[in-house]
Amino acid sequence: MYQVVRKLFFTDCRCADNASKVYEELFAKLDANKDGKVDVSELKAGLDAMGIKADKGAAQKIISAGDRNKDEGLDFREFSKYLKEHEKKLRLTFKSLDKNKDGRIDITEIRQSLADLGLEISKEHAEKILQSIDVDGTMTVDWNEWREHFLFNPATSLQEIVRYWKHTTVLDIGDSLTIPDEFTEEEKTTGLWWKQLTAGAVAGAVSRTGTAPLDRMKVFMQVHASKTNKISLVSGFKQMLKEGGVTSLWRGNGINVMKIAPETAIKFMAYEQYKKLLSSEPGKVRTHERFMAGSLAGATAQTAIYPMEVMKTRMTLRKTGQYSGMFDCAKKVLKNEGVKAFYKGYIPNILGIIPYAGIDLAVYESLKNFWLSHYAKDTANPGVLVLLGCGTISSTCGQLASYPLALIRTRMQAQASFGGSEQLPMNLMVKKIMEKEGFFGLYRGILPNFMKVIPAVSISYVVYEYMRSGLGIQK
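Residues numbered from 1 in each chain as written. Predicted model: local features only at pLDDT ≥ 70, side-chain atom pairs only at ≥ 80, totals over all residues. Heavy atoms only, no water.

A. Molecular detail of the overall build of the protein chain. Helices and strands together make up the secondary structure of the protein chain, namely 23 helices and 2 strands. Counting over 475 residues, the protein chain shows a buried share of 48%. Counting only contacts in the protein chain whose residues sit at least 6 apart along the sequence, the fraction spanning at least 24 positions is 69%. Carbon and sulfur atoms provide 61% of the accessible area of the protein chain, an area that totals close to 23,000 Å². (Helix = DSSP H or I, 4+ residues; strand = E, 2+ residues; numbered from the N terminus. Buried < 20%, exposed > 50% of the residue type's maximum accessible area, 1.4 Å probe, protein only. Contact = heavy atoms within 4.5 Å. Areas by Shrake-Rupley, 256 points an atom, 1.4 Å probe, with all protein chains shown as cover.)

Encoded structure:
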């Protein structure tokens, strides 16, 4: 019977018009008691009778995934909908693995695809994966073999091959220390990469503007708060409103938005070059090489735009009338303090990239793998909420680790703007804070920083989706 079903169901020439008839015939074979519904036992017995290999528990997962009305079985509508959706996902996965677009997947492509995602496997392991799917013994897998193997296997079978969750910089939380976006060769050749970057930059600009008052409060507390000068959120906002009115809550936002585009472009270009330089094999980037390339790209971008970071801090903390605008601020800083002033706090800023990016990446990978291992059902795609949740938690953990360095950086950037203030290097400033305020003095302003994470992520995601639609980027 299996050969009949295989010939009927797994054929390249099967068109959309015949799909419904094929599903009907397959459903009729599986519906043993002819009650118009396929339950777990029927699906399991039917697949076994047809010789279709399915993982342990696969039948239950298929029923759970497709059972919309929760009656512990699939009627024909639910059955056909599940197969159509699952087949569509399988087609996308097959295309992503078929690097040379010849319609077949070989050992090299399996290893390359996994390496691109940071998963290193031996040639022997790749051969085992291929042999488990290869029906005709050619040591390559075509679309029919791929579909045949995975159509009745939920995502648990795909996990060894596909763990493609893009850790995207769409989650703009106002910090620019994350690993840059990865783009496939197809995205690069078709020009989709620049549309993705543009959408991300616009999303970041809107997000930062929406959360600018909380960002200004964070900087205000980092610089001014101490044991003797306690500043709460309420008292801090009152001070800012009294001194400069409602518009003062957005001081420094203009330059904070302006630096997104050049930083994103430099980071992306540098990342691509560092990956090539650091990869041990051409076209193959290991996880630690990716991390190093991302950190170096972040450092390169920060070095290039760091004067704008200093300007942002000065503009954020300025009093009414202190500067007429961004250029006036730059002119006064250059005249009074010299060129060196534009790189104050540079060392703690660069040092902060490693803990931030490292912990951000590690936590994201852990959360991703935990979800795939415990909750993946009919697809390895977790959906928007899970992705946003993982990204938010990992970014927050990264911030928590690097925050003391961010505080030191901000104080060093700001200290010359206050008349008579002591100009301290990084080590003495850390020592002074620890002596006067204790360890928690290094975390001044972290409350408004955490408060802005969820709205920043939410705003950037919504705007990003609108931008993707407007720029014609397919999901």
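B. Summary view of the confidence of the model for the protein chain. On average, residues of the protein chain carry a pLDDT of 79, and 79% of them reach 70 or more. Every residue in residues 1-8 scores below 50 in pLDDT, and together they form 16 contacts with partners more than four places removed in sequence or on other chains. Below a pLDDT of 50 lies the segment residues 155-164, which in the model reaches 31 contacts outside its immediate sequence neighbourhood of four places, other chains included. (pLDDT = per-residue confidence, 0-100.)

C. Region of interest: the nonpolar core. Within the largest apolar cluster, 31 residues are counted, with the highest numbers of intra-cluster contacts made by Leu 43, Phe 79, Leu 83, Trp 146 and Phe 152. Elements with a minimum of two residues in this core: α2 (16-30), α3 (40-49), α4 (58-66), α5 (76-97), α6 (107-116), α7 (123-133) and α8 (143-150). Excluding anything up to four places from it in sequence, Leu 43 contacts Leu 30, Val 38, Ala 59, Ile 62 and Ile 63. Counting residues in hydrophobic clusters, the runner-up holds 10 residues, among them Ile 408, Met 429, Ile 433 and Tyr 443. (Core = buried A, V, L, I, M, F, W, Y, C linked by side-chain atoms within 4.5 Å.)

D. Quick look at α3. All of the buried residues along α3 are Glu 42, Leu 43, Gly 46 and Leu 47. Taken around the axis of α3, the buried residues stretch over an arc of 125°, which confines them to a single face. Every exposed residue of α3 that faces more than 90 degrees away from the buried side is listed here: Ser 41, Lys 44, Asp 48 and Ala 49. (Arc of directions from axis to C-beta.)

E. Representation of the packing of α3 against α4 within the structure. For the pair α3 and α4, interaxial distance at closest approach is 9 Å and the crossing angle is 130°. What the angle tells us is that α3 and α4 run oblique. Our pair here, α3 against α4, has a crossing hand that is right-handed. Facing α3, whose interface residues are Val 40, Leu 43 and Lys 44, α4 presents Ala 59, Gln 60, Ile 62 and Ile 63. For the contact of α3 with α4, a count of residues per class yields 5 nonpolar, 1 polar and 1 charged. (Axes fitted to C-alpha atoms, helices over the stretch in contact; angles between N-to-C directions. Parallel < 35°, antiparallel > 145°, perpendicular 65-115°, else oblique. Left-handed = near helix turned anticlockwise from the far one by under 90°. Nonpolar A, V, L, I, M, F, W, Y, C, P; charged D, E, K, R; others polar.)

F. Molecular detail of unusual backbone geometry. Although it is not a glycine, Glu 72 adopts a positive phi angle of roughly 60°. Residue placement: Glu 72 occurs in the loop between α4 and α5. According to the relative accessible area criterion, Glu 72 is exposed, its value standing at 65%. Backbone geometry at Met 139 places phi at a positive 60°, although glycine is not the residue there. Looking at the secondary structure, you find Met 139 in the loop between α7 and β2 (141-142). Judged by relative accessible area, which is 27%, Met 139 ranks as partly exposed.

G. Inspection of the side chain of Arg 409 at higher detail. As for its position among the elements, Arg 409 is in helix α20 (residues 384-414). Salt bridges are absent for the buried Arg 409, whose nearest opposite-charge side chain, Glu 309, sits at 4.9 Å. A polar side-chain atom of Arg 409 sits 2.9 Å from a polar atom in the side chain of Asn 349. (Lys, Arg positive; Asp, Glu negative; His and termini not counted. Salt bridge = Lys/Arg side-chain N within 4 Å of Asp/Glu carboxyl O. Polar contact = N/O pair within 3.5 Å; in protein donor to acceptor, adjacent residues only side chain to side chain.)

H. How the structure looks around the pattern of salt bridges. One pass over the full model with this rule turns up 12 salt bridges. The salt bridge involving Lys 218 is made with Asp 215; its shortest N-O contact spans 3.5 Å. Linking Lys 218 with Asp 215, this pair stays in helix α12 (residues 212-224), spanning 3 residues, or about one helical turn. In terms of burial, Lys 218 and Asp 215 fall into one category: buried. Note that Asp 215 and Lys 312 form a salt bridge whose closest N and O atoms lie 2.8 Å from each other. Taken as a pair, Asp 215 in helix α12 and Lys 312 in helix α16 (residues 287-317) lie far apart in primary sequence, 97 residues in all. On the basis of relative accessibility, which here comes to 8%, the residue Asp 215 falls in the buried class. Residue Lys 312 is classed as buried on the basis of its relative accessible area of 10%. Overlapping salt bridges bring together Asp 215, Lys 218, Lys 312 and Lys 452 as one network.

I. Summary view of the packing of aromatic side chains. Evaluation of the coordinates by the stated rule reveals 10 aromatic pairs. Residues Phe 27 and Phe 76 carry aromatic rings whose centres are separated by 5.8 Å and whose planes lie at 75° to one another, so their mutual orientation is edge-to-face. Of this pair, Phe 27 sits in helix α2 while Phe 76 sits in helix α5; the two residues are 49 residues apart in sequence, bridging distant segments of the chain. With relative accessibility at 8%, the residue Phe 27 sits in the buried group. Look at Phe 76 and you get partly exposed, because its relative accessible area is 26%. Clustering of aromatic rings is evident, with ring pairs tying together Tyr 403, Phe 439, Phe 440 and Tyr 443. (Phe/Tyr/Trp six-rings, centres within 6.5 Å; stacked < 30°, edge-to-face > 60°.)

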